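# Remarks on the overall topology
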Amino acid sequence: MGLRQALLACAIALLAVTVAPWQEAFGQAQTELEQLVQPPKIDSSEPMLLQADEMIYDNENAKITAKGNVEIYYGNYTLLADQVVYSRGTNTLRAEGNVRIKDPDGAVITSDQITLTDDFRDGFVDALKLVTQDDTRIVAQSATREAANVTVFRKGWFTPCKLCEDRPTKPPIWRIRAGKITHKKDQATLTYNNAALDMFGVPVLWVPWFQMADPTVKRKSGFLMPTYSHSDELGSTVQIPYYFALSDHYDFTFAPMWTEKAGTLLQGNWRHRRATGAYSIDLAGVWDDGSENTDFNDVNENDEFNGEFRGSVKSKGRFALNPYWAYGWDVLFETDDTFRRYYNLDSRLKTDRISQIYLEGLHDRNYLSTRFYNTQSLVPRRFFETDSLTFTDDPQETVYPIIDYDYIVNRPILGGELSFTSNAMMLTSDAGPSDDRLITDTSRLITEVNWRRQMIDGIGQVFTPFGRLRGDVYGVSNDLSGANAGINPVPDPALLDNNPLDDGTFWRGNAVAGMEYRYPFIAYTRNVSHVLEPIGQIIARPDTVGDQQEIPNEDALSLVYDDTILFDIDKFSGFDRIETGTRANVGVRYTAQFANGAYARAVFGQSYQLAGQNEFDTAFFETSGLETTDSDYVSGFYVQANEYLSFSAQSRFDEETFDIERTDLGSWARYGPAQFRVNYANVTEDTPGLGLGEAREEIVTAGALALTNDWSVLGNIRYDLETDQRITDGLGLRYQDDCFMLDVTYQRSFIRDQDIQPDQRFLVQFMLKYLGTYQLATDTGDVFGAEGSN
């Protein structure tokens, strides 16, 4: 082998022996690792540049030496050394003195000496230092590669942290030191002997031995990071998950959580990916033996859960039948409505449970969806001490199924767009207290035809005529279980407003014809374009379609009248209610578009019932703002100043007094080291469908302030201004740099719901780059104190 081949061997072997195993072991991207597992393939015909102060040929000892400021440039590789010696007798190559090699990915390896065989199978690196492109650093006294499969590093340490530029000898924020680190490439494992974790140069954890999968492994069985927490409700808790890598396309995680006061919660997660989709199953359950050491006795005076099994099954999946059709599900089954929130499996602010199974298809201009739903509201017995309010208890609805079909004709009809919409549904609604349940079975079939055409005249006026034909048929059956049992035979009248007791088949039809008019005025100033657009809309319908109260209202209960629905043809949120009579919608829209991309938009308008029955003039919608002939005024103002500031404001004003009836404000801003978000809502009267029965005023804020490049302060609060009561709040301190993150957070929750009690928690979370996260959480008791008894 000549000098050219020897030096080429040096460049390739250095990379194969040092860069590949170290980068495999310490978390480079998998695509990079796959390229580094084998020695790089370099075209030997490519020219090589060699520079040295002196070349020595020792034919007697069969050695060739390049000496003094040796520089080798070959392809994208660079090798620097004080001396390179090739021994033809032993087929070994040795680079000595300030050895440095840079690979095409930017990694720099530094060593005092590297010795290896010319077939690159075995090698020895003395005093190795490696710095990858992302500043990950590995330093070892020596590294040996054996049998092209096992790499042993002795007296080394690893850190992804950048060293201090002013004091490079200062220990990094954290590093792992080990007397011996063994990387087995075929098993994809890293084994540490006599290992210690240093924080700021101080050893904080020592273990004689442990083994982990190297970062190139996507899945490998083993224990995951444990968690510990403490709360008044659960006491001390410990969770140690174990991961089972059963296959490359399915796995299972078993995560039991021992609690001091509320039993042992068993949890499991199954995941399975197939060629056409994937699904998961989450299992959770606990047996409470009713013993005195459980916390259930403290929060359930009637022993509602003692001695019973509590649990849930949650599953989600989606699969493709072909490029156009897919089916899936998102379901949850649980023994009671507080189990998941009590054990912190779900947020305590969660307001409902929705499960569904579906089949849907989309092709060209056709869309079909078939869904089976089960919904359960968590609102009735939630939030604070609301003893003065009366709610229906645990309302549930089951839909089996609801079918939606939409089709848009692929050619113009009378110069406009023609579309068809159909909806079919079968639903069972079960609401009311346990001794006064009202069960309603509803089935419906709805067919709708829509046509719309936009025309622009020579001066820029925009005319949009539209029309709609619709036909409905409903079947209704009611069962008042309380009456059948002879208990409270007369249900709550408010319940009957939306779920009448009349049984039978009901027919309903509607025809709509209308015109929308817009006339945008456009002006330009130096850096702004201005568009002022008056909008008028007239909609004609039959004066009445009969008594709509005969039809249960299941999907049109929620109604927030604001600028976003001002120009909707039908302002109801669902199919069960439709507008009748003649209505006019009038407003003006202004838009300013700035040259730098910022914009501002304002909308103001009102709606008028000109003739016929006003379907919003009912007891349920009497506070909607549409119940009078002249509706309330609505406005919207939106600003996106730049990537650092956005603001929105929506308001509704009384049509006579111009008093504010509803306000929704939202803002987000970032200025220098500070950023914050503020949302505010004020409703002077009950909003239809939300069921809270009183005025509400609430503010939600969150913010962060960067104290330095690494330290920041975080805070958040959710506050009910109407009742002068906090819902949640929190304060945190965060440290985050390129390799380490520490969060210290104090959080409080003021929510009461059965066994869920107000709580305050001290949370510590830290993360080490490439090593994962750990959480420590402690609760410090009932934050209400004396005022909590209100």
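As the structure is a computational prediction, the values presented were derived from the model and not from experiment. (Residues numbered from 1 in each chain as written. Predicted model: local features only at pLDDT ≥ 70, side-chain atom pairs only at ≥ 80, totals over all residues. Heavy atoms only, no water.)

### Observations regarding the overall build of the chain
- Summing up its helical and strand segments, the chain has six helices and 44 strands in all.
- The long-range fraction of contacts in the chain, counting pairs at least 24 apart against all pairs at least 6 apart in sequence, stands at 51%.
- A total accessible area of about 39100 Å² is found for the chain, and carbon and sulfur atoms account for 54% of it. (Helix = DSSP H or I, 4+ residues; strand = E, 2+ residues; numbered from the N terminus. Contact = heavy atoms within 4.5 Å. Areas by Shrake-Rupley, 256 points an atom, 1.4 Å probe, with all protein chains shown as cover.)

### Concerning the pairing of strand β40 (residues 711–720)
- When strand β39 (residues 696–706) meets β40, the two strands line up antiparallel, connected through nine bridges. Note that in β40 the partner of Leu705 across the bridge is Val713.
- Between the antiparallel neighbours β39 and β40 lie four residues.
- Here β40 runs beside strand β41 (residues 725–736); their pairing, made up of ten bridges, is antiparallel. (Pairing = 2+ DSSP bridges.)

### Focus on the confidence of the model for the chain
- Of all residues in the chain, 78% have pLDDT values of 70 or greater, and the mean over the chain is 80.
- Scored below 50 in pLDDT, residues 1–44 shows 112 contacts in the model against residues more than four places distant or in partner chains.
- Throughout residues 292–303 the model reports pLDDT below 50, and contacts reaching past four residues in sequence, or to other chains, amount to 27 contacts. (pLDDT = per-residue confidence, 0-100.)

### Thoughts on the pattern of salt bridges
- In the structure shown here, the tally under the stated rule is 28 salt bridges.
- Of the charged contacts, one joins Arg318 and Glu360 as a salt bridge, the two residues approaching to 3.0 Å between their closest N and O atoms. Taken together, the residues Arg318 in strand β21 (residues 309–320) and Glu360 in strand β23 (residues 352–363) connect sequence positions 42 residues apart.
- The class of Arg318 is partly exposed, set by a relative accessible area of 39%.
- A relative accessible area of 15% means that Glu360 is categorised as buried.
- For Arg718, the salt bridge goes to Glu698, with nearest N and O atoms at 3.0 Å. With Arg718 in strand β40 and Glu698 in strand β39, the pair connects residues that are 20 residues apart, well separated along the chain. (Salt bridge = Lys/Arg side-chain N within 4 Å of Asp/Glu carboxyl O. Buried < 20%, exposed > 50% of the residue type's maximum accessible area, 1.4 Å probe, protein only.)

### Considerations on the packing of aromatic side chains
- The tally for this structure, following the rule as stated, stands at 25 aromatic pairs.
- Arranged with centres 6.2 Å apart and planes meeting at 45°, the rings of Tyr279 and Phe319 form a pair that is tilted. Here Tyr279, found in strand β20 (residues 277–287), pairs with Phe319, found in strand β21; they are 40 residues apart in sequence, far enough to count as distant.
- Each residue in the set Phe223, Tyr242, Phe244 and Phe252 is aromatic and connected to the rest through ring pairs, giving one cluster. (Phe/Tyr/Trp six-rings, centres within 6.5 Å; stacked < 30°, edge-to-face > 60°.)

### A look at a nonpolar patch on the surface
- The grouping of Phe244, Leu246, Phe254, Leu266, Trp287 and Phe309 at the surface amounts to a nonpolar patch, some 580 Å² of accessible area in total.
- You can see Leu266 is positioned in strand β19 (residues 264–274).
- A residue is classified by how much of its surface remains accessible, and Leu266, at 35% relative accessible area, is partly exposed. (Patch = residues over 30% accessible without salt bridge, like charges linked within 9 Å, V, L, I, M, F, W, Y side chains within 5 Å.)

### Some words on unusual backbone geometry
- Cis geometry is found at the peptide bond from Tyr400 to Pro401, where omega equals -15°.
- Positionally, Pro401 belongs in strand β25 (residues 396–408).
- Positive phi outside glycine occurs at Asp364, with the angle close to 55°.
- By relative accessible area, Asp364 is classed as exposed at 63%.

### Remarks on the nonpolar core
- Membership of the largest hydrophobic core comes to 19 residues, with the highest contact counts inside it found for Ile173, Trp174, Ile181, Tyr192, Cys739, Phe740 and Leu768.
- Elements with a minimum of two residues in this core: β8 (137–146), β9 (150–159), β10 (174–184) and β11 (189–199).
- In terms of residues, this core owes the most to one element, β11, which gives five residues.
- Not counting chain neighbours up to four residues away, the residues in contact with Ile173 comprise Cys161, Asp198, Met199, Phe200, Tyr735, Asp737, Cys739 and Phe740.
- Counting 13 residues, the second-largest nonpolar core is a separate cluster that includes Ile72, Ile101, Ile109 and Ile114. (Core = buried A, V, L, I, M, F, W, Y, C linked by side-chain atoms within 4.5 Å.)

### Overview of the pairing of strand β35 (residues 633–642)
- Summarising the sheet, strand β34 (residues 599–611) and β35 pair through seven bridges and their orientation is antiparallel. Counterpart to Ala602 in the pairing with β35 is Phe637.
- Bridging between β35 and strand β36 (residues 645–653) involves nine bridges; their strand directions are antiparallel. Within β36, the residue paired with Ser635 across the bridge is Ser651.

### Overview of the environment of Asn366
- Mapped onto the fold, Asn366 is located in strand β24 (residues 366–377).
- By relative accessible area, which is 26% here, Asn366 ends up partly exposed.
- When the C-alpha positions of Asn366 and Ile408 are compared, they lie 6.9 Å apart, and in sequence the two are 42 residues distant.
- The contacts of Asn366, once residues within four sequence positions are left out, are Gly361, Tyr405, Asp406 and Tyr407.
- In terms of polar contacts, Asn366 uses its side chain to reach the side chain of Tyr405, at 2.7 Å. (Polar contact = N/O pair within 3.5 Å; in protein donor to acceptor, adjacent residues only side chain to side chain.)

### As for the environment of Glu533
- Mapped onto the secondary structure, Glu533 falls in strand β32 (residues 528–540).
- Overall, the relative accessible area of 13% leaves Glu533 in the buried class.
- When the C-alpha positions of Glu533 and Pro520 are compared, they lie 4.2 Å apart, and in sequence the two are 13 residues distant.

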